[in-house]
Structures are given as structure tokens and as C-alpha cells.
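Chain and residue survey
If you want the building blocks of each chain, they are given just below.
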Amino acid sequence: MHSMKLAALVAAIVSSGALAETINVVTSFPKELTEAYKKAYEKKYPGDKVEILNKQTTAGMAFVREQPAGSRAEVFWVSAPDAFEVLSSEKLLQKLDLPAGGIPDKVGAYPVNDPEGFYRGQALAGYGLMSNTRYLQAHKLPAPKEWADLMNPVYFGHVATSSPSRSGTTHLTFETILQGEGWDKGWNQILRIAGNCAAVTERSFGVPDGVSNGQFGIGLVVDFFGLAAKNSGFPVDFVYPSVTAIVPANIGLVAGAKSSEAGKRFIQFTLSEEGQALLLDPKISRLPVLPSAYAKAPAGYPNPFGGKIQAKVNFDSNLSEARYYVVSSLFDQIITFRLKELQAATKAIHDAEKRLGGKASPQLEEAKKLAFTSPLDAKQVADKDLLAVFKAKKGDEAATRRKAQVEEEWSSKAKANYIKAAELANAAK
Amino acid sequence: MILALALGIAAFLAAFLVIPVASVVYTAFTNEAGAFTLGHFGSFLHISLMRESFANSLYVALMSVLFSSLIAIPLAYFTVRFRFRGAAIIQTLGVLPLVMPPFVGAVAMQLLFGRSGSVNLLLQQHFGFTIPFMDGLNGVIFVETLHYFPFILLNLVVSLQNIDASLEEAAQNLGASGFRLFRRIVLPLAAPGYVAGASLVFVKVFDDLGTPLVLGATNMLAPQAYLRITSVGIEDPIGYVISVIMIGFSIAALALSAAILRGRDYATLQRGASTHRRSLSTWQGVAVTAWIVFILALVLSPHLGILLLSISRIWSFSVVPEGYTLAHYATVFENSSGMIGNTLLYCGIAALLDVILGVAIAYLMLRTRLPGRRFLDLSASIALAIPGVVLAIGYLRTFKGVTIPFTDVALTSTWILLVVAYAIRRLPYALRSCIAALQQLHISLEEAAENLGATRARTVRRIVLPLMAGGILAGFVASFITAAVELSATIVLSTSASQAPMSYGIYLYMQSIAGRGPGAALGVIAVAIVAIGTYASHKLLPVVRPELEGRA
């Protein structure tokens with residue numbers, strides 16, 4: 001009797017040990033989302049255990065890279081498509097041969113999945129404007145609808161953004177403007193918006209965080225930050241401007257993982273009807289890649305497949321990738337590190353416009369040109385040598401020196417321009 | 001037996017303190033071929049972000065010392081030299097901030113003092129202006145100051161009490177009074193205590209990782225070290241250069257304080273001479289009380305803010321939250337009760353390790369003549385000067401690729417290193433407590449036991465340990481509560497969410513808008529645990545030294 005019980009116990013231990021597989025998921029997503037997926041998945045597959053390893057995108061990449069093959073985490077799950085490109089070029093991703101399961105190939109002109117099959121789109125994200133309604137009311141500000149609205153002098157000191165070098169999502173936002181408006185006009189717009197900014201936050205999360213608690217009036221954010229705050233009851237609003245791009249947030253299977261099959265099972269779950277429905281939770285508020293999932297969405301939920309969000313920009317990811325580091329670095333040199341001077345120039349220009357009341361002034365025009373023109377024009381950014389310098393490996397000392405020199409040029413030119421612009425605007429008659 | 005014990009302790013300290021720290025220093029000074037180089041320091045200086053981070057860290061640490069002094073010096077002077085009824089409040093002031101880890105309070109401070117925080121909204125409504133308390137580095141300075149000023153307060157009170165009152169009376173007889181008396185007599189005599197406290201504040205702020213990260217100020221040294229090592233990779237030399245700079249500043253500041261404290265008695269002719277407390281005039285009394293109430297309100301603001309945040313439905317652009325709920329606590333208990341359990345488990349084991357090591361080292365030091373025994377004490381004390389993030393980086397480097405025997409589980413992916421890191425960093429506190437307890441125990445009791453035929457082991461078990469119990473318990477509690485809210489090493493060494501302790505959970509929750517409420521709720525629970533522990537340790541130890549409560 002006793003021995004039978006014991007045998008059963010041993011069998012139970014052995015079998016549970018054999019069946020229980022741990023799926024390690026490296027992700028940059030917030031706890032609400034990962035918690036929901038972990039719970040739902042473990043309920044459906046009681047034999048598996050999901051371990052969430054929460055890391056920022058770049059930290060997650062380093063983590064996967066530094067683990068020896070055979071004991072790597074199973075699943076990599078973050079927003080930025082470029083992170084997947086880098087991992088797949090380092091042979092750290094496995095091909096996924098999962099059925100499409102009703103998920104279309106493209107959203108607008110942008111492919112949902114990796115054409116080579118190394119990663120899948122799991123949710124969609126668009127970029128837009130998040131505003132705190134109470135803040136706008138208290139400061140008597142109209143609600144902005146388009147990027148260009150943010151150039152309006154009334155918004156001076158009320159806007160916030162992050163820097164493309166600190167967050168992939170912010171990079172996509174500005175790259176979208178640059179592609180939608182063209183390089184030169186795009187930078188003019190970005191500089192005028194940045195001149196109205198109260199802060200360029202260190203982290204991308206700093207923007208939605210600041211808007212939802214009322215530190216800033218308006219923020220440039222990725223949609224789920226705005227929607228999740230709104231749907232959690234915060235007095236905030238979120239709009240997609242007409243110049244926006246819808247791009248997928250992705251999920252991929254890591255090569256050299258311990259339990260690949262289980263990892264694949266998890267990925268398949270996230271793409272299933274059930275898994276996609278979880279995205280609609282008010283605290284998560286992301287856009288499913290599965291069109292049929294929107295049937296269960298609450299009224300007014302944005303649907304990129306329904307034609308409600310007009311993504312005018314056909315986002316070109318090759319172009320984005322080619323100049324990725326140039327855009328990030330240029331933004332930091334002329335905006336992030338020179339925000340004080342840019343703000344002063346913008347303020348002086350606003351004041352001059354008000355003072356002159358629409359009267360034409362060559363000094364004011366000159367000031368605007370100086371303050372709101374990027375030191376790098378459309379022709380220069382297409383220069384292959386420049387792009388190569390910014391893409392060079394860390395060990396390449398000549399490239400590093402050249403890069404430092406170029407950055408220093410941008411920085412000092414921007415500073416001189418802003419100071420001169422402020423002087424001109426103040427003197428404008 | 002004694003020798004084996006000593007060697008065991010030495011091996012533990014070598015493996016988990018000396019070698020990891022040495023590997024960090026070694027990596028900072030060697031190139032890929034293993035030859036000595038200063039090149040990494042050169043690269044560090046060439047990166048403008050690094051220069052900026054270095055300047056920012058220095059600026060924040062110095063400003064925190066300045067503001068801490070502005071709060072602490074008047075408070076200390078009032079308590080020791082004047083007769084008034086607020087003295088008990090000041091005692092409380094010395095402890096209250098310490099139970100609230102700065103990274104927990106930081107988010108709530110944003111809601112109270114931020115651009116559209118309660119205070120600025122009221123200022124804007126009534127006076128039409130706002131004050132940028134929390135903008136950028138200001139926020140870090142503000143939060144750190146409110147947390148760390150007690151270090152200066154407590155040290156200063158002790159050194160003021162040790163000043164011979166007759167010196168002051170002599171000065172008064174000669175006609176000095178008021179500010180002149182303070183500047184010419186009190187200040188120079190109290191300086192050593194002040195420097196000791198100020199250097200502690202400097203070190204703690206300079207090394208803090210959690211507060212800048214939560215406030216989003218990543219352009220400082222500790223966050224940069226963390227970001228470089230986790231994002232660029234464990235091989236990135238810049239991360240090690242930052243680590244070495246941080247160790248250097250810590251050691252320098254603590255050495256300065258130790259050197260000055262050693263000479264502290266020089267001014268004191270008669271220690272403990274009865275201090276004559278002067279009375280305050282009515283308006284002086286009002287001014288002093290107003291100052292104390294003001295400071296008390298400031299000190300309580302993170303506590304109040306985090307409590308409000310944990311029970312608020314929505315708090316946005318309003319002076320106080322609208323709508324209250326206990327749902328966040330339900331969320332925490334439903335989803336994160338494992339984290340509370342992890343904290344109790346990890347900190348319990350770490351504190352236990354600490355008192356075992358503490359008792360053993362204390363015994364070896366005070367009861368044996370083992371050669372080199374002072375080295376154990378010295379190396380254990382070095383842990384005080386090693387920032388948590390640096391120790392953690394050292395672990396990642398030293399134990400990279402090491403697996404747990406008989407399995408293929410990597411040591412760095414388990415919580416074992418987390419426990420060891422807690423134990424090492426808290427060892428100095430437990431050790432001080434154990435040494436103090438053993439010093440108070442007269443050796444004649446042990447001699448009597450041995451004369452009656454007890455073996456050494458039996459004497460320790462039946463005589464020494466029971467009589468040291470109070471000190472051991474105090475050491476245990478001090479280690480436990482400081483480890484419970486440590487974030488610097490935790491954030492580097494935590495891998496999976498299910499193995500993470502509360503402090504990491506609070507940090508994770510604070511990374512999303514919907515998570516702020518549950519994060520605050522978890523914070524309140526952590527603060528409650530620390531508060532209970534602190535109260536217990538005050539009951540166990542009549543005089544709690546400020547360094548017993550240090551945490552980073």
C-alpha cells in the first residue's frame with residue numbers, strides 16, 4: 001500500500017518534471033500586459049510555466065546575446081522592429097513556421113510580419129498626441145489635432161517629448177514626420193515643436209507619465225500609452241494626427257533556447273483569437289494584429305483595419321534604418337543638449353510675432369530661418385560616407401573621431417544659430 | 001576549529017567581496033590583451049555624456065549635503081542648546097525619513113511638488129507663480145535631501161552634546177552671544193560630527209541608483225554604470241570605469257570622516273558636563289516651532305504622498321486625488337504576494353548569514369589571538385564603501401558562466417547572488433552590533449564556565465550566545481530592514497519577475513501608468529515592514545547609531 005503510494009508520488013514528480021516546461025520571455029512591456037498573458041497562458045497550458053524577464057529593449061538584446069546557446073531565454077517580445085533586425089542578423093532568432101491564422105500580411109503598406117519569417121507582428125502601434133484635458137482647460141489651450149498644431153505659440157512650455165536616442169518609439173515618431181513631410185520641412189516642424197517643449201525626457205515613459213499626472217499638457221507618445229491612461233480613467237485624450245504610421249510590435253523565438261517548442265506554443269497563443277483579445281484590456285489598450293479581434297472591442301476603439309486611422313505615411317523601414325543613428329544623434333546635438341537656447345530663441349520669435357502683429361520683418365524671417373533649420377540638409381543626409389561614419393563599429397577609431405567632429409559641428413552651429421536668432425527676433429522691428 | 005572558522009569566513013569574504021570588487025578594478029585598468037592601460041579612463045573623459053554625468057553626480061551629491069545641512073544644523077542646535085517643548089519631535093524627525101526609501105517616495109513627490117503637483121497648483125491659484133522643485137536634477141536633490149538629512153542631524157546632536165558647556169558659558173561671560181557664539185565656539189567644536197554626517201550623506205547620494213532611475217534622471221554616474229553594463233554589455237569597459245570612480249569617491253569620503261572622527265575628542269575637556277539649556281524668548285520660540293513644523297511637513301510629505309497614491313483612483317492635475325479605493329492593495333496581493341514572500345525569504349537568509357558571520361568575526365577578534373584577525377574586520381567593513389551597483393556588476397563579471405553544481409542552471413540567473421549581495425552589504429551593520437554586544441560581556445563569565453569544565457564550544461553555546469542575544473537580534477533587524485528596501489544591487493541582479501523581491505516590484509510597477517497605484521501600495525507595505533523593524537531595533541538598542549540605519 002505504502003509502496004504503491006510512493007510509486008505514484010514518484011511517478012507524479014517525474015512526470016511533472018518532464019512535462020513542466022519553463023518559457024522565459026524577455027520583454028520591455030509593462031507589468032499589466034505581461035501579467036495578463038502569463039495568467040491566461042498558464043491557465044490554458046497548466047503544464048508550462050511562464051517566467052517574465054522585464055528588461056529595456058537594448059538590455060534585453062544584451063541579455064539574450066550574453067547567454068550561452070542552449071540555455072537562452074525562449075521568447076523575445078518588444079516593440080522596436082530594429083531590435084529584431086539586429087538579433088536576426090546576429091543569428092539569434094529562429095524561423096517561425098506558424099500559420100497566419102487570419103492575420104493579414106500588411107497593414108497599409110507596412111508588412112506585419114518579417115518577410116524572412118524570423119519574427120511576427122503581435123500588436124500594432126501608431127503615434128500621436130496625448131493631452132491632459134484638465135491641464136488644457138486650466139491653461140485655456142485648444143486640443144491639438146496635428147503635429148503642426150504644436151508649433152502654435154500658445155503651446156510654448158506645455159509640450160513634452162523624449163529623444164530618439166533614448167527610445168525606439170520616439171525615434172519612429174520623428175522618422176514618421178521626416179518621411180511624411182520630407183527631410184527639410186520635417187526638421188523645420190520638429191524644431192518648432194521642440195522649441196515649444198518644456199522638457200525632453202530621459203525615458204520615453206517620462207512623457208505619458210508626465211501628461212497623465214498633469215506635469216505636461218501635451219506629449220508625443222505611442223498610442224497605447226495614451227489609450228491605456230485614458231481607459232484607466234485619467235483625464236487624458238489621445239488623437240492620431242494624419243501624418244502617422246502604423247507599425248507592428250513584434251515577437252520572436254530565440255535561437256539556442258532551452259525549450260523552443262514551448263516558446264513557440266507561447267508565441268502561437270499570443271497570436272491566437274484568445275491572445276489577441278487580451279490586448280483590448282483597458283489597462284493594456286493595444287491594437288490587435290488580428291482584424292477579427294476588433295469585433296469584441298468597446299465602441300470607439302481605434303481600428304487600423306477599419307479605415308478610421310488614416311496612415312498617410314508609407315513608412316519606409318529601409319530608409320529609417322539607413323539613417324537611424326544620424327537622426328538620433330542630430331536630434332540630441334541640436335535639440336536635447338541645446339534645449340535651453342532653442343527655447344529662448346523660440347520665445348523671442350513668438351514675442352516678436354506678437355509685438356509686430358503680422359507686420360513683415362526681414363529680421364524676424366532671418367531669425368526663424370536660423371532657429372528652425374537643421375544644420376544637415378536633405379542632400380547631406382543622403383551622403384553615403386556620412387551614413388557609414390555613424391554606422392561604423394565601436395573599435396573603428398577614425399570613424400569615432402570623425403563622428404565626434406561632425407557632432408561637435410552640429411552642436412556648436414545650432415547653439416550659435418539659436419543665440420543669433422534670439423538676438424535678431426528681439427531686435428526685430 | 002578556530003582556524004577553520006577563520007579560514008571559512010575569509011574564503012566567503014574573498015569570494016563574494018574581495019574578488020568581485022578586484023575584478024571590477026582590474027577590468028577598468030586593463031585592455032583586451034590583459035595589459036595595464038589608462039585608455040578606458042581616457043575614453044570616459046571623451047564621451048560628453050560621461051563628463052556631464054560625472055558633473056551631475058557631483059553636483060547632486062554636494063547640493064544634497066548643502067540642503068541637508070540647512071535643515072539639520074538649526075534642528076540639532078535647537079534641541080541641544082535650548083529649552084523648549086519640541087525636542088521630542090526632533091527625535092522623531094531623525095528617524096521618520098529613514099523608514100521611507102527615497103525611490104519609493106520619489107513618484108509621490110512628483111505628484112506633490114512637480115510642475116503641476118499639489119503645491120504648485122496651489123501656488124499658481126493663489127500667487128500666480130510656481131517653483132521648479134522637481135525639474136530634472138532638482139527632483140533628485142530634493143528627494144535625497146529629505147531622506148538623508150538625519151545622518152547629519154544625528155551625528156551633530158551627538159557631537160554637540162559632547163561639547164563642554166563651560167566653554168560656551170565662558171564665551172558668553174566674555175560678551176559673545178547669538179550668531180557670534182554659534183560661529184566662533186559651537187561651530188568649530190561640532191565640526192567633526194558634522195563632517196562625519198555630511199560625508200555619509202555625500203556617499204549615499206553619490207552611489208544611489210534607484211532615485212535617479214525612478215525620477216528619470218539617467219545622466220548621472222550610477223544610472224550610467226547600470227545602463228552601460230545592462231545595455232551595452234558586461235564587457236563594456238566604461239561601466240567599470242564608472243564603478244572605480246564611485247568606489248574612489250566612497251572610500252575617500254568615508255576615510256575623511258573616519259580620520260576626523262578619530263580626532264573628535266580633542267576639544268572636549270570634560271565630556272558629558274551638564275549642559276545648560278538656554279530659554280527662548282517668545283518670538284524666538286514661535287520662529288523655532290514654525291521651522292520645526294515646516295520641516296516636519298516636508299519630511300512627512302513622501303509618506304503622505306505614497307499613502308494617498310496607494311489609495312487613490314485617479315490623481316491628475318489636482319491638489320488631492322479624487323476617489324479612493326483599496327483595489328490597488330487587492331492587485332498587489334493577487335499578483336505580487338510572491339514578491340513580499342521573496343523579500344522576507346531573501347532578507348531573512350541574508351540577515352541570518354550576517355549575524356552568524358558577525359558573531360564569528362566578533363568572537364575571533366575579541367576572544368582569540370589569531371594572527372591577521374583584524375583583516376576580517378577590515379575587509380568586512382570595506383563593504384560599506386562599495387556601492388550596491390558596483391558589487392552587483394562585480395558579481396555578474398566574476399560569476400559569468402558559473403553554473404550551480406550538478407545542474408546547468410547559471411548562478412547569475414538565481415536569487416542566490418541577490419541574497420549574498422544583501423548579506424555582504426549589510427555585514428558591517430550586523431558586525432558592529434555583535435562587536436558591541438560581545439564587548440559588554442565580561443570575559444570572567446566565560447573563564448568561570450571553562451573552569452567548571454565546559455569546552456570552548458559549549459561555553460559559546462551556553463554562555464556567550466545567550467548573553468549576546470540582544471545585540472545579535474538588533475544586528476539581524478538592522479540587516480533585514482535595510483536589505484528589504486535596497487534597490488541598487490537588486491535591480492542589476494534580478495532576472496525573472498517571479499524571483500524578484502518587493503523593491504524590484506515597486507520599480508517595475510512604477511514603469512506604467514496603470515501600475516502606479518499598485519506600485520505605491522507595495523511601497524506602503526515595504527515601508528510598514530521597515531517601520532516595524534526600525535521600531536523593534538530601537539527597543540532592542542537604546543542608542544541606535546546613525547550608521548546602523550544607513551541604506552542605499
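Computed from a predicted structure; not experimentally measured.

Definitions and limits used
- Residues numbered from 1 in each chain as written.
- Chains lettered and ligands numbered in written order.
- Predicted model: local features only at pLDDT ≥ 70, side-chain atom pairs only at ≥ 80, totals over all residues.
- Helix = DSSP H or I, 4+ residues; strand = E, 2+ residues; numbered from the N terminus.
- Rg over C-alpha atoms; globule rule 2.2 N^0.38 Å.
- Buried ≥ 20, exposed ≤ 12 C-beta atoms within 10 Å, placed from the backbone.
- Contact = placed C-beta atoms within 7 Å.
- Nonpolar A, V, L, I, M, F, W, Y, C, P; charged D, E, K, R; others polar.
- pLDDT = per-residue confidence, 0-100.
- Domains from an automatic or database assignment.
- Core = buried A, V, L, I, M, F, W, Y, C linked by C-beta atoms within 7 Å.
- Pairing = 2+ DSSP bridges.

Glancing now at the overall build of chain B. Scanning chain B from terminus to terminus reveals 23 helices and four strands. A globule of 552 residues ought to have a C-alpha radius of gyration of about 24 Å, and chain B, at 25 Å, matches this closely. For chain B, the spread of C-alpha atoms along the principal axes amounts to about 70 × 60 × 50 Å. For chain B, the proportion of its 552 residues judged to be buried stands at 50%. Sequence-distant contacts in chain B: of pairs separated by 6 or more residues, those separated by 24 or more amount to 79%.

Each partner contributes to the interface: chain A provides 36 residues, whereas chain B provides 33 residues. Breaking the side of chain A that touches chain B down by element, the ones donating at least two residues are helix H2 (31–44), strand S2 (48–54), helix H3 (57–66), helix H5 (133–138), helix H8 (206–212) and helix H9 (223–231) of chain A. Within the side of chain A that touches chain B, the residues separate by chemical class into 13 nonpolar, 13 polar and 10 charged.

All names here are of chain B. Of all residues in chain B, 94% have pLDDT values of 70 or greater, and the mean over the chain is 86. By mean pLDDT, the top-scoring element of chain B is helix H17 (residues 388–398) (94), and the lowest-scoring one is helix H4 (residues 87–93) (73). The low-confidence segment residues 542–552, where pLDDT is below 50, has 24 contacts with residues more than four positions distant or belonging to other chains.

Further remarks concern the domain arrangement of chain A. According to the domain assignment, chain A consists of domain 1 (21–123 + 249–296), domain 2 (127–244) and domain 3 (323–429). Taking the mean C-alpha position of each, domain 1 of chain A and domain 3 of chain A sit 39 Å from one another.

If you look at the biggest cluster of nonpolar residues, it comprises 290 residues, and the most contacted ones within it are Val75 of chain A together with Ala421, Cys434 and Ala526 of chain B. In terms of residues, this core owes the most to one element, helix H18 (residues 416–439) of chain B, which gives 16 residues. What Ala526 of chain B contacts, discounting residues up to four positions off in sequence, is Val104, Ala484, Val485, Met502, Ser503 and Ile506 of chain B.

Residue and element names in this part refer to chain A. Both faces of strand S9 (residues 159–162) are covered, namely the face carrying Val159 and Thr161 and the face carrying Ala160 and Ser162. Of the pairings in the sheet, the one linking S9 to strand S10 (residues 197–201) comprises four bridges and is parallel in character. Counterpart to Ala160 in the pairing with S10 is Ala199. In this structure, S9 lies alongside strand S11 (residues 218–222), joined through two bridges in parallel fashion. Of the residues in S11, the one forming a bridge with Ala160 is Gly219.

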